[in-house]
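Examining the three-dimensional arrangement
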Amino acid sequence: MATKFKGYVGKVLKIDLTKKEVTEYPFSDEERELFLGGKIMAAKIVYDHIKNMDGKLDPFSPENIIAITSGPLNACGAPCSSRFNTSTISPLTGYYTSSNCGGNFGMGMKRAGYDAIVIVGKADEHTYLVIKPDMKVEFKNADALWGKKTGESQELIPEKGDKFVIGPAGENLVRYACVVSNERAAGRGGVGAVFGSKNLKGLVVEGHVAPQIYDKAKYDKNNVKWTKRLTTHPTTGKQLPNFGTAALVAPMQAKHLLSTNNYRSGQFDKFDDISGETLTESYLKYNSNCTSCPIRCARMVDVEGKVVKGPEVETLGLFGPNILNNNMQAILDWNNLMDEYGMDTISCGNTLSFAMELNEKGMWDNGLQFGKIDNIAETIESIALRQGIGNELAEGSKRLSDKFGGKEFAMNVKGMELAAYEPRGAVGQGLGYAIANRGGCHINGGYLVVLEGLGLSVNPYTTHGKGVLAAMFQDLMEAISAGGNCLFTSYAFFPYFLMGNPNGLMTKIVNKVMTELGLAIKAILRFAPVLAIHMPFGMLPHTKAIQYATGMKMNFGKFLRIGERGYNLERLIDVKLGVTTADDTLPARLTTELQIATNPKSKVPLDKLKKKYYKARFWSKDGKPTKKLIKRLKLDF
Amino acid sequence: MVNVKFFGIARLKFKEKEIQIEAGTVKELCQAIADRYSVPFKDVKQFLIYVNGVNIVDLKTFRTPLKDGDNLMFLSPSSGG
């Protein structure tokens, strides 16, 4: 189905593994305008797939669907635009999950002539797919690749194109297995296990289709300005290139946000041993980037004589303070091991800390102990291969708590493990974890911790304004992701004077008033299309870039509405699969126990926050998008 | 003497991890750091400053008094998940 819009390449490929059948999936230009691309386009595809099903869908059944989607800016040369999306029904949560990846596969998919690839069914043998232009798909036997790690698998596949593969964890249905392209992972939600359940080792895309640009002169000019803003902004121009996301460790420590001892504390006395500064000064070989990214946040480090991608802040937190470990080299080794076996470091680390506490409390004798690190590598391997205790750990913390107890300290939401931010030090972040569509995700929840202490200093304990702020940032990040950009481009949204002068008068005013802007932000969300403008000062260059690349009329209001549409559509998928307000919750430790004994506010007042959030979303009291809202968002199909 | 640790962009700017320095208030401290590294005062006060674990915006900002043995952190606003 051809498209009138530039930027896109026009076709969506559908592959039925059971029937070995290849067809074109219809995706219209009207849908492109409504759903843009990436995770929102995928949500439309997944919703259409499940809408006539009754109740739950077994994520490991052939009926589950995988939607690998690009955004209009992928392969078009905009800064930080290599990010592509993979969505499915998660084997961790049973609900919708979308996992973003910075490897080259997404760009390669467009060069092969496809905006998206949809996969259903189950192959009758271990298979990898070679995908070329003009609907040419080869089903290749993957017996020789089965059991191989992600790096070796990509090397062994003889075709030259861009690859997207699982490792042993995905093959063995580890519920938090990932899919890897280059050294980058679609990490969260167990997408890799769904690949494994379909006997699908991976995909290769080959081709030389070049997306066209609608107004190249304006597009290039916008990209130059955008790149300049990213490379001069304090966050994307200094912090991230120099220290990566690991730079957050020290601010998290200062703000009681560093999950420690399975979220019993927000501070770790040896935090500096695993900080971004230590990583850079003592372990970094060089920094690196995804294709087209000027930020270069990736940490390249030495593991057993080989230079590999280093850990992000989440991995440092969860394999450092959260298991009472201050050995940086060990974390580098484990991070590489998990990448190679193909599993999510967040869910893995969090599940391990839960198992340690179960052992500590005498609820499961498993040999894992806080501060004991000599058995971690072998445990990671046992998870990937589902051997011994690894077979239990591969199920994730929710299912472990079903079996051994300890739900109040099993740090997951809807079955997905929390990231390394201890939310009792930033209650808006706690709200985000609880209500995020894909489970305990720091990003999908609105990432308010950036406002509540890491970037700005908005009161971290108040409930005021947090509902609408979460909704607005969720919508913005949805749309940015759908366009094909890295979410790190959103950090340049904050003006220099805020991020570069935290004690300045303007920053103080913003910190004070932001929580009082509830009604104003709610009005913006309600009447977003009225804001037919591009944001000033290069705060959000995405809207111009999409307009100039595609020829699609785009502005801030429309962009925000697309994000809102995407978030609500994901919620509708979850509702269809049985999610209720009872699932929008947190482990009791975070809502009933004080993080700091002398601070009565240091727990998450979740009931109050949830009510505010549902109102901000225009949802019913039971957490469902109303018919009126569904109609307003044009989701009544 | 107070103990000061630099993180993030502060670490890049001052090229030191930790120093001990004499100061009676946060403002005096910023001035002492500016003098020590020959940088403008305004460049020093543009960090998140924590005194014994508390952000100076929750104390008396630059008028916050310091005493011997206080532990300070200079941090840069950060983001990235």
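Scroll up to find the structure this text is about.
Residues numbered from 1 in each chain as written. Chains lettered and ligands numbered in written order. Predicted model: local features only at pLDDT ≥ 70, side-chain atom pairs only at ≥ 80, totals over all residues. Heavy atoms only, no water.

1. Digging into the pairing of strand E4 (residues 84–89) of chain A
Regular strands show a simple pattern: their side chains alternate between the two faces of the sheet. Residue and element names in this part refer to chain A. Taking burial as the measure, the six residues of E4 include six buried ones, the bulk of the element. Neither face of E4 is left uncovered, since the one carrying Phe 84, Thr 86 and Thr 88 and the one carrying Asn 85, Ser 87 and Ile 89 both have all their residues buried. Pairing analysis gives three bridges linking strand E3 (residues 66–69) to E4, with the strands arranged antiparallel. Along E4, the bridge assignment pairs Thr 69 with Asn 85. Judged from the six bridges that link them, E4 and strand E5 (residues 96–101) form a sheet pairing that is antiparallel. If you follow Asn 85 over to E5, its bridge partner there is Asn 100. Remark: six residues form the turn of the hairpin made by E4 and E5, two consecutive strands paired antiparallel; Gly 94 in that turn has positive phi of roughly 80 degrees. (Buried < 20%, exposed > 50% of the residue type's maximum accessible area, 1.4 Å probe, protein only. Helix = DSSP H or I, 4+ residues; strand = E, 2+ residues; numbered from the N terminus. Pairing = 2+ DSSP bridges.)

2. As for the sheet that holds strand E13 (residues 284–288) of chain A
All names here are of chain A. The three strands lie next to each other as E13-E14-E15, forming an open sheet whose pairing is antiparallel. The sheet is open, and its two borders are formed by E13 and strand E15 (306–309), each paired with just one other strand. Along the sheet, successive strands turn relative to each other by an average axial angle of 35 degrees, direction set aside. Here strand E14 (residues 298–303) runs beside E15; their pairing, made up of four bridges, is antiparallel. Looking across to E15, one finds that Val 303 is bridged to Lys 306. Each of E13 and E14 touches helix H10 (residues 276–283); the most contacted strand, E14, lies at about 55 degrees to it. Running at roughly 100 degrees to E14, helix H12 (residues 328–341) makes contact with E14 and E15 of the sheet. (Axes fitted to C-alpha atoms, helices over the stretch in contact; angles between N-to-C directions. Contact = heavy atoms within 4.5 Å.)

3. A short note on the nonpolar core
Residue and element names in this part refer to chain A. With 179 residues, the main nonpolar core has Phe 319, Met 343 and Tyr 421 as its most contacted residues. Tallying contributions element by element places helix H18 (residues 466–483) first for this core, with eleven residues. Tyr 114, Phe 164, Phe 195 and Leu 203 belong to the second-largest nonpolar core, a separate cluster that totals 27 residues. (Core = buried A, V, L, I, M, F, W, Y, C linked by side-chain atoms within 4.5 Å.)

4. Let's talk about the packing of aromatic side chains
All names here are of chain A. Taken as a whole and assessed by the stated rule, the structure comprises 24 aromatic pairs over all chains. When the centroid spacing of 5.7 Å and the interplanar angle of 50 degrees are considered together, the rings of Phe 84 and Phe 105 count as tilted. Note that Phe 84 is positioned in strand E4 and Phe 105 in helix H3 (residues 105–111), a separation of 21 residues in sequence. Residue Phe 84 shares its accessibility class with Phe 105, and that shared class is buried. Look at Phe 319 and Trp 334: their rings are 5.7 Å apart centre to centre, the planes differ by 55 degrees, and that puts the pair in the tilted class. On the criterion of sequence distance, the pair formed by Phe 319 in helix H11 (residues 313–319) and Trp 334 in helix H12 is long-range, its members being 15 residues apart. Assessed through its relative accessible area of 4%, Trp 334 is described here as buried. Stacked on the ring of Tyr 8, the Lys or Arg Arg 32 has its end atom at 5.1 Å from the ring centre. Positioned above the aromatic ring of Phe 637 is the side chain of Lys 44, whose terminal nitrogen or guanidinium carbon lies 4.6 Å from the ring centre. (Phe/Tyr/Trp six-rings, centres within 6.5 Å; stacked < 30°, edge-to-face > 60°. Lys NZ or Arg CZ within 6 Å of the ring centre and 35° of its normal.)

5. Focus on a positive patch on the surface
Residues Lys 508 of chain A together with Lys 27, Lys 45, Lys 60 and Arg 63 of chain B make up a contiguous surface patch of positive charge. By the secondary structure assignment, Lys 508 of chain A is in helix H20 (residues 505–513). (Patch = residues over 30% accessible without salt bridge, like charges linked within 9 Å, V, L, I, M, F, W, Y side chains within 5 Å. Areas by Shrake-Rupley, 256 points an atom, 1.4 Å probe, with all protein chains shown as cover. Salt bridge = Lys/Arg side-chain N within 4 Å of Asp/Glu carboxyl O. Lys, Arg positive; Asp, Glu negative; His and termini not counted. Charge placed at Lys NZ, Arg CZ, Asp CG, Glu CD.)

6. Concerning the environment of Ser 82 of chain A
All names here are of chain A. Relative to the helices and strands, Ser 82 resides in the loop between E3 and E4. Contact partners of Ser 82, with chain neighbours within four places excluded, come to Asn 74, Cys 101, Gly 102, Gly 103, Met 107, Cys 290, Thr 291, Ser 292 and Gly 484. Here the side chain of Ser 82 touches Gly 102 through a polar contact of 3.0 Å, landing on its backbone oxygen. (Polar contact = N/O pair within 3.5 Å; in protein donor to acceptor, adjacent residues only side chain to side chain.)

7. Some thoughts on unusual backbone geometry
Most peptide bonds are trans, and most residues other than glycine sit at a negative phi. Residues and elements named next belong to chain A. Unlike most non-glycine residues, Leu 173 shows phi in positive territory, near 60 degrees. Here Leu 173 lies in the loop between helix H5 (168–171) and strand E10 (179–181). Judged by its relative accessible area of 25%, Leu 173 is partly exposed. Positioned with a positive phi, His 256 is a non-glycine residue whose angle comes to about 60 degrees. With respect to the helices, strands and loops of the structure, His 256 is situated in the loop between helix H9 (249–254) and H10. Its relative accessible area of 21% is what places His 256 among the partly exposed residues.

8. A closer look at the packing of helix H17 (residues 427–435) of chain A against H18 of chain A
Two packed helices can be described by the angle between their axes and the distance between those axes. All names here are of chain A. Where H17 contacts H18, the two axes come as close as 10 Å, and the packing angle between them is 60 degrees. Here H18 runs oblique to H17, going by the angle between their axes. Regarding H17 and H18, the two cross each other, and that crossing is right-handed. Along its contact with H17, which presents Val 427, Gly 428, Leu 431 and Ile 435, the element H18 presents Lys 466, Gly 467, Ala 470 and Gln 474. (Parallel < 35°, antiparallel > 145°, perpendicular 65-115°, else oblique. Left-handed = near helix turned anticlockwise from the far one by under 90°.)

9. Regarding the pairing of strand E5 (residues 71–75) of chain B
Residue and element names in this part refer to chain B. Of all five residues making up E5, four are buried, and the element is well covered by its neighbours. Of the pairings in the sheet, the one linking strand E1 (residues 2–6) to E5 comprises four bridges and is parallel in character. Among the inter-strand pairings, Asn 3 is bridged to a residue of E5, identified as Asn 71.

10. Brief notes about the side chain of Thr 315 of chain A
Structurally, Thr 315 of chain A is set in helix H11. Overall, the relative accessible area of 3% leaves Thr 315 of chain A in the buried class.

11. Quick look at the side chain of Asn 222 of chain A
Relative to the assigned elements, Asn 222 of chain A resides in helix H7 (residues 216–232). Look past the residues within four positions of Asn 222 of chain A in its chain and what remains in contact with it is Pro 541, Lys 544, Ala 545 and Tyr 548 of chain A.

12. Brief notes about the environment of Gly 8 of chain B
Within the fold, Gly 8 of chain B resides in the loop between E1 and helix H1 (9–14). Spatially, the C-alpha atoms of Gly 8 of chain B and Leu 29 of chain B are 19 Å apart, while their sequence positions differ by 21 residues. Beyond its immediate chain neighbours, meaning those up to four positions away, Gly 8 of chain B contacts Phe 243 and Glu 277 of chain A together with Ser 76 of chain B.

13. Observations concerning the interface of chain B and chain A
Facing the 26 residues of chain B at the interface are 36 residues of chain A. When chain B packs against chain A, the two sides together hide about 2500 Å² of surface, and 58% of this comes from carbon and sulfur. If you sort the residues of chain B by the area they bury against chain A, Ser 78, Ser 79 and Gly 81 of chain B come out on top, with a joint share of 25%. A salt bridge links Arg 11 of chain B to Glu 281 of chain A; the shortest N-O distance between them is 2.8 Å. Linking chain B to chain A there are seven residue pairs in polar contact (both at pLDDT 80 or more). Here the side of chain B that touches chain A is built from residues that sort into 13 nonpolar, ten polar and three charged. (Buried area = accessible area lost by both parts, 1.4 Å probe. Nonpolar A, V, L, I, M, F, W, Y, C, P; charged D, E, K, R; others polar.)

14. Some points on the packing of H18 of chain A against helix H25 (residues 606–616) of chain A
All names here are of chain A. Packing of H18 against H25 brings their axes to within 7 Å, and their N-to-C directions diverge by 50 degrees. As judged from the angle between their axes, H18 and H25 are oblique. In this structure, the crossing between H18 and H25 has a hand that is right-handed. Residues Lys 466, Gly 467, Val 468, Ala 470, Ala 471 and Gln 474 of H18 form the contact with H25, whose participating residues are Leu 609, Lys 612, Tyr 613 and Ala 616.

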